[in-house]
Amino acid sequence: MGDFWEVLVRYLPDFASGFFVTCQLVAVSFLIAMGVGTLVAALRVQPLRGLKLVGGIYVEIFRNVPLLVLVIIFAAGLRRAGFDIPPFAAGTAALGLYTAAYVAESIRSGVFAVGQGQIEASLSLGFTYPQTLRRIVLPQALRTVIPPLGNLIIAMIKNSAVIGATLSLAQDLLKEARLINNKTNLTNESFFWAAVGYLLLTVTATIIVRRLETKLAIRR
Amino acid sequence: MTYLFDPDHWRWLGAGKNLEFLLGRFLVNLEIAVICMILSLIVGLFLALARLSKNRAVSVVAGTWIDVWRNLPLIFILLYGLLSLPENLAEAWVRAVPDFFPNALQSRFALAGILGLTVYNSAVLAEIMRAGIKSLERGQGEAAAALGLPYWRSMRLIILPQGLRRMVPATVSQLITLNKDTTLLFIINIQEVMKGGRIVTATSDNPFVGLNVEAPLLQVFVFIGGLFVVVNLALSRLSRRLEIRERARTGTTTEKVSGLEDQVALESDVA
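Keep in mind the model is a prediction, meaning the values are calculated, not measured.

1. Quick word on the overall build of chain B
And then number 1: Scanning chain B from terminus to terminus reveals 13 helices and 0 strands.
And then number 2: What you see in chain B, going N to C, is helices and strands ordered as α-α-α-α-α-α-α-α-α-α-α-α-α.
And then number 3: In chain B, which comprises 271 residues, the share counted as buried stands at 45%.
And then number 4: Taking the contacts inside chain B whose residues are at least 6 apart along the sequence as the reference set, 79% of them involve residues at least 24 apart.

What follows is the structure, given as structure tokens:
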């Protein structure tokens, strides 16, 4: 039992920096995922068929390809092709673009969840189209979208470990646990505290998402 | 860009035994996914039943177990399994593993891989099954009890057949995730398709050379990604069709399970 506390006290700065890197990876990837995801969702709900197809292909590809394949393509593959991308950027780009496909899907379903009749009603009441979007569609769409997005952040926290496990320069929580394990040979102890770090993030996120879900639920 | 579209790099894939080698390795991924899916379904069902148990102690223990493992990164579980697995257990596995298992599973790392995938996915599936069972109207259980059916028989005859049918689409989605996740076994040194991709594109000691070009790493992994896209697309079509049929039949939706990326996919496909 003593070893558990000893490892934590001795390596707290390492665990903390790993925890911080994991948070950074998630935060940056989430920004990328939101940006690209919104763009792809916009492609999918606008009327032009060609652009709609582009959005659909993006979603089907990035949703069905393993994240690890993307990380390797972005890190090693592009380097071999002559583009030198720093590992942190390559990792977050891979995770961000991967999650963007899911973000796009949840935004799209949120927009579609607002009935067509509401848009027609609003237009016939004399609202302009931008007004309709801003006052009728978006407030409702946002409510349906926030719980699945929270869900994706949880999945993202877990997926971020793939970056740390593949790219040696991204020293996230999992990587730090492995380094501490190499130094001390105390596998249970070092992995236990890393697990605590991950659970701290994922369980907190789960609780927040659940709260939001009940709070934002629209009774139809 | 010229690198990506250079036809020589793509032709390299077809040269010699390159393609055959990669496809063979891809088959290993599919096999591992199926094996772990079956194991996870069995373990997951027991975990779900334990969590739904009326015995509070059993339910709390099972609930904690499920919540801990499904909230940890899979690669974390795999690495921990690899590092903490006792040596003699790994050797016992190598001796005990049946011959008809794929070659990649004969290695001593395979036990950690299968255990890790099963521990994580059984926790996730348990939660999916629990959601399916809980989405049934309470009246179903009460009616069974009123008819005098004991707990286990009402579970077996009334609750499980209905509850589990509702979770079939979510389970197919989880199979897609599991299929993608088998690539993580590369990190714990199992001879699957990513490892294969690394071997084919290694810059030194590389037996796989063709057409006098340097092994095109980018193309190889784009190709591997393509293999997954094809198989998973077929699976997601299947899950979508099952979901629509199930919804038309019962007119209900199952409860959500948090923390799964494909949960989102499942919801949006039908909307």
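After that view of the structure, there is still more to cover.
2. What about unusual backbone geometry?
And then number 1: For Asn185 of chain A, which is not glycine, the phi torsion reads 65° and is therefore positive.
And then number 2: Structurally, Asn185 of chain A can be placed in the loop between α7 (173–184) and α8 (187–216).
And then number 3: A positive phi is found at Asn189 of chain B, a non-glycine position, where the angle reads about 70°.
And then number 4: Its location among the elements puts Asn189 of chain B in the loop between α10 (168–181) and α11 (193–201).

3. Topic: the interface of chain B and chain A
And then number 1: Chain B puts 40 residues into the contact, and the matching count from chain A is 48 residues.
And then number 2: Residue assignment for the side of chain B that touches chain A shows that the elements contributing at least two residues are α1 (2–5), α5 (74–84), α12 (217–250) and α13 (261–270) of chain B.
And then number 3: Counting residues per element, the side of chain B that touches chain A draws most heavily on α12 of chain B, at 11 residues.
And then number 4: Looking at the side of chain B that touches chain A residue by residue, the classes come out as 27 nonpolar, 10 polar and 3 charged.

4. Describing the packing of α10 of chain B against α12 of chain B
All names here are of chain B.
And then number 1: Contact geometry for α10 and α12: axes closest at 8 Å, N-to-C directions at 170°. Relative to α12, the element α10 lies roughly antiparallel. Between α10 and α12, the residues in contact are Val168, Pro169, Val172, Ser173, Leu175, Ile176, Asn179 and Lys180 and Phe228, Val231, Asn232, Leu235, Ser236, Leu238, Ser239, Leu242, Glu243 and Glu246, respectively.
And then number 2: Per-class residue counts for the contact of α10 with α12 are 10 nonpolar, 5 polar and 3 charged.

5. Some remarks on helix α2 (residues 49–64) of chain A
Given 3.6 residues to a turn, an α-helix orients residues that are three or four positions apart in the same direction.
And then number 1: Across its 16 residues, α2 of chain A extends 22 Å between first and last C-alpha, which sits within 8% of the 22 Å expected from 1.5 Å per residue.
And then number 2: Taken as a whole, α2 of chain A has its buried residues at Gly55, Tyr58, Val59, Phe62, Arg63 and Asn64 of chain A.

6. Comments concerning the nonpolar core
Soluble globular proteins: nonpolar side chains tend toward being buried together.
And then number 1: Residues Leu70, Val71, Ala94, Ala100 and Ala194 of chain A together with Ile75 and Phe76 of chain B are the most contacted members of the largest nonpolar core, which totals 131 residues.
And then number 2: Considering every element that reaches this core, the biggest residue donor is helix α7 (residues 110–134) of chain B, with 15 residues.
And then number 3: Setting aside its immediate chain neighbours within four residues, Ala94 of chain A contacts Leu67, Leu70, Val71 and Phe74 of chain A.

7. Considering the environment of Gly44 of chain B
Residues and elements named next belong to chain B.
And then number 1: Tracing the backbone through its elements, the reader meets Gly44 in helix α3 (residues 18–51).
And then number 2: Judged by C-beta crowding, with 26 C-beta atoms within 10 Å, Gly44 ranks as buried.
And then number 3: In sequence terms Gly44 and Leu117 are 73 residues apart; their C-alpha atoms lie 12 Å from each other.
And then number 4: Sequence-distant contacts of Gly44, defined by excluding residues within four places in its chain, comprise Ser122, Leu125, Ala126 and Met129.

What counts, and at which threshold
Here the residue numbering is sequential within each chain, running from 1 through the sequence in written order. Lettering of chains starts at A and numbering of ligands starts at 1, both following the order in which they are written. Totals for whole chains, interfaces and linings use all residues, but because this is a predicted model, local features are given only for residues with pLDDT of at least 70 and pairs of side-chain atoms are given and counted only at 80 or more. Helix and strand definitions here come from DSSP, where helices need a minimum of 4 consecutive H or I residues and strands a minimum of 2 consecutive E residues; each element is numbered from the N-terminal end. Field definition: a residue is buried when 20 or more other C-beta atoms are found within 10 Å of its C-beta, exposed when 12 or fewer are, and partly exposed for counts in between, with C-beta atoms placed from the backbone. Contact criterion: two residues are in contact if their C-beta atoms, reconstructed from the backbone, are within 7 Å. Three classes are used: nonpolar for Ala, Val, Leu, Ile, Met, Phe, Trp, Tyr, Cys and Pro, charged for Asp, Glu, Lys and Arg, and polar for all others, with Gly counted as polar. Helix axes use the C-alpha atoms of the stretch in contact, all axes being lines fitted to C-alpha atoms, and the angles between their N-to-C directions lie in the range 0 to 180 degrees. When describing relative orientation, an angle under 35 degrees is termed roughly parallel and one over 145 degrees roughly antiparallel, while 65 to 115 degrees is termed roughly perpendicular and anything else oblique. Multiplying 1.5 Å by the helix residue count minus one yields the expected span of that helix. Put simply, a nonpolar core is a cluster of buried Ala, Val, Leu, Ile, Met, Phe, Trp, Tyr and Cys residues tied together by C-beta atoms within 7 Å.

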